[in-house]
Every structure is written in structure tokens, then in C-alpha cells.
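So you can see what is in the structure, the chains are spelled out below.
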Amino acid sequence: MQAWGLIVLLISKAAGQLNVEEMEEDKAAGVLHSQRALAEVTEMIRTSHLVHKAMVNICSGMYPEAATLNDMAFGNKIALLSGDYLLANSCVELASLRNQELVELISGAVRDLAEGEFVGRRDQQNNPLPSPQGVCDAAQDWTHRNVLSAGSLLGRACQGTLKLAGHGRELQEQGYNFGKHLALAWQACVDLEPFIPGSQYVSGSLFNLTSAPVLFHLQHDPSLFNEIDKGLDSVKNVDYEKVHSIVSKGPGISLTKQLQKDHSQKAMEVLQVFQENDARTALCNIIVAMGDY
């Protein structure tokens, strides 16, 4: 998982501050105390969402043994309470910044995270499956899914931190674009990982069926749905070794690499509006490292 909070702090330092009180600045770090708090809020929201996603949808008859059923129910309660605790703390810290526009920004990101869990087809455990309607434009479908699930939060956090620093609306929009494109470039790298020679992927193990290589291949060859549709009850019913072999031989890999390159380039272009400094260089290095992945 990429450290969203670190990205927020780096973009804060790269942009600098305008018309802020001296007491607000953490001179050692080169950012405002409020910007540091926003970075922490971003991390907590991201983590709480991942914790909530770990809950298991307990269907009737899934666990016939009472002891196993009780253990799973207890695990769900712990995941629910842990995620809620992090989310509640993030809301309290966000409210303490006393900035209504910032609250609206981050609230919108939380809404997008929730909405992203209802896009397209799902199996009984809410694992995503490609939709035949979506692969008519695979890039658009993939972008929509991942802006909701990642790009919105990082983009709005970068936009919000520039607002706290007193920057104008135009630069704030640039901050949003940077966060969004960086998140999408990172997700494209994650999607490529199972299909890269020498990766740690184990043959036959599960991977995301709505990843960019799979969606691009389905746009090229919809016959792959014959295998993927076996996962309507559970994605575990899909023959992942077969899907991996088919996708690896198709155009999805090269199209995903181009997708990653495009979003990396757009993120790099936004950075050029900031003056050259160590923080901007660090962000550039992160983008370049993704290209070498």
C-alpha cells in the first residue's frame, strides 16, 4: 500500500505556504501543523476502508459448525469496530481543523470510497467482476473504478492541503489532478505485478479480475467472459491459471503499461508548476520509480 500521507506531506512542502501565521508552521518539517493533521487523516481513512473491506459476508450454511461461525462473526465485529474507530478519529481530527470546505472535500472522498464498492458486478463476498457493458471502453471503466477507490481520496487530500496553505483555486485543482493521476499510475503498476516476469506472483493464485490487463483483454476478446462468469458465486471458482495465461498472451499488458505511462506523465506535468526543491524532486523520483517497476 502506497503511503498516501507521505504524498500529502511532500506536495505540501513542494508548494510552500502563503499568508499563514508563523505559529502554524512546523519549521523543522517545512509544513503546517494542519497539513500534517490532514496527512494523518488521509492515512486513517485509507486504512479504515481497507479494514472494513476485510469483513466476510457470512451466507447461510457457509459455516455449519457453530464454533467456526462464532469465530467468523467475532472477526467481523472486530473489523467493523476497528475500521469505525479509525474513521471516527479521522472525523474528529478533521473537524478540529475548523475548515468547512476541507470537511466537504474529504467527506466527498469517503463517499467515493463507499460508492466504489458497488460498481459493476460482484460475487457473494463483494469481490469485483468485470461487466460486459464496461469493457466496451475498458480504460474508462478502469478509471471510474479506481478514481472512486483511490484517486478521489489522494486527489482531494492534495487539493485540501494546498487550500490550508492559502493557495488559490487554480493551484488547488492542480493538486487534485496530481493526486488523482499519481494514484492511477500506482494502481496500474499494482495491476501489472502478476503479469511481470520474475514477480512474486504464484501461478494459479488469485488476482484482481477487474485489473487493467484483464479489462483490456476482455475488450479485445470477450470470449474470456466464459471463464470469468464462473466467479459469479465466488471468484475462487475461476481458473486463474487459465485467465493469467490467456491475458499474458494478449494486448492487455502493453496497453496497461501505456496507461501507467500516461498517468505518470500527467502527474509529472503538474509538478512543473512548483518551484524546484527537495520535496518536488522526491515526488519526481517516486513517479520515475513506478516507470521502472
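Structure: see above.
Everything quoted here is computed from the prediction, not taken from an experiment. (Residues numbered from 1 in each chain as written. Predicted model: local features only at pLDDT ≥ 70, side-chain atom pairs only at ≥ 80, totals over all residues. Heavy atoms only, no water.)

1. A short note on the overall build of the protein chain
- Of the regular secondary structure elements, the protein chain holds 11 helices and four strands.
- Since a compact globule built from 293 residues should have a radius of gyration of about 19 Å, the 21 Å found for the protein chain is in line with a globular shape.
- Structurally, the protein chain occupies a C-alpha span of about 60 × 45 × 35 Å along its principal axes.
- The buried share of the protein chain, reckoned over its 293 residues, is 45%.
- Looking at the protein chain as shown, the accessible area adds up to about 14,700 Å², and 54% of this sits on carbon and sulfur atoms.
- Placing the 23 positive and 34 negative side-chain charges of the protein chain at their respective mean positions leaves the two points 2 Å apart. (Helix = DSSP H or I, 4+ residues; strand = E, 2+ residues; numbered from the N terminus. Rg over C-alpha atoms; globule rule 2.2 N^0.38 Å. Buried < 20%, exposed > 50% of the residue type's maximum accessible area, 1.4 Å probe, protein only. Areas by Shrake-Rupley, 256 points an atom, 1.4 Å probe, with all protein chains shown as cover. Lys, Arg positive; Asp, Glu negative; His and termini not counted. Charge placed at Lys NZ, Arg CZ, Asp CG, Glu CD.)

2. Some thoughts on the nonpolar core
- Ranked by internal contacts, the top residues of the largest apolar core, which has 38 residues, are Leu154, Phe178, Leu271 and Ile287.
- Mapped by element, the contributors of at least two residues to this core are helix H1 (4-15), helix H2 (33-53), helix H4 (100-116), helix H5 (138-164), helix H6 (169-192), helix H10 (252-271) and helix H11 (278-291).
- The contact partners of Phe178, leaving out residues within four places of it in the chain, are Ile7, Ile11, Cys158, Ala267, Val270, Leu271, Leu283 and Ile287.
- Among the nonpolar cores identified, the runner-up in size contains 28 residues, and Val135, Ala212, Phe216 and Ile228 belong to it. (Core = buried A, V, L, I, M, F, W, Y, C linked by side-chain atoms within 4.5 Å. Contact = heavy atoms within 4.5 Å.)

3. Some remarks on the side chain of Gln159
- The topology assignment puts Gln159 in helix H5.
- For Gln159, a relative accessible area of 10% translates into the label buried.
- Sequence-distant contacts of Gln159, defined by excluding residues within four places in its chain, comprise Leu105, Gln172, Glu173, Gly175 and Tyr176.

4. Some points on H4
- The end-to-end C-alpha distance of H4 is 24 Å, a good match for the 24 Å that 17 residues give at a rise of 1.5 Å each.
- Residues of H4 that are buried: Leu102, Leu105, Ile106, Gly108, Ala109, Asp112, Leu113 and Gly116. All buried residues of H4 project into a common sector of 145° when viewed along the axis, lining one side. In H4, the exposed positions angled more than 90 degrees off the buried face are occupied by Gln100 and Glu104.
- Backbone nitrogen of Glu101 and a side-chain oxygen of the N-cap are separated by 3.3 Å at the start of H4; the cap is Asn99. (Expected span 1.5 Å × (residues − 1). Arc of directions from axis to C-beta. Polar contact = N/O pair within 3.5 Å; in protein donor to acceptor, adjacent residues only side chain to side chain.)

5. Section: the packing of aromatic side chains
- In the structure shown here, the tally under the stated rule is three aromatic pairs.
- Relative to Phe207, the ring of Phe195 has its centre 5.4 Å away and its plane inclined at 75°; by these criteria the two rings are edge-to-face. Of this pair, Phe195 sits in the loop between H6 and helix H7 (212-220) while Phe207 sits in the loop between H6 and H7, and the two are 12 residues apart along the sequence. The residues Phe195 and Phe207 share a single accessibility class, namely buried.
- Aromatic side chains Tyr201 and Phe207 sit 5.9 Å apart centroid to centroid with 70° between the ring planes, which places their arrangement in the edge-to-face category. The two residues Tyr201 and Phe207 agree in class, both being buried.
- A connected cluster of aromatic rings, assembled from ring pairs, spans Phe195, Tyr201, Phe207 and Tyr240. (Phe/Tyr/Trp six-rings, centres within 6.5 Å; stacked < 30°, edge-to-face > 60°.)

6. Here's the deal with the pattern of salt bridges
- This structure, assessed with the given rule, holds nine salt bridges.
- For Lys230, the salt bridge identified is with Glu227, shortest N-O distance 3.0 Å.
- Because the salt bridges share partners, they merge into one network encompassing Lys53, Glu117 and Arg122. (Salt bridge = Lys/Arg side-chain N within 4 Å of Asp/Glu carboxyl O.)

7. Side note on unusual backbone geometry
- The phi torsion at Arg98 lies on the positive side, around 55°, for a residue other than glycine.
- Among the secondary structure elements, Arg98 is positioned in the loop between helix H3 (66-96) and H4.
- In this structure, Asn126 takes a positive phi of about 65° despite not being glycine.
- Considering the arrangement of structural elements, one finds Asn126 in the loop between strand E3 (121-122) and strand E4 (128-129).

These results come straight from atomic positions and should not be treated as a statement about function.
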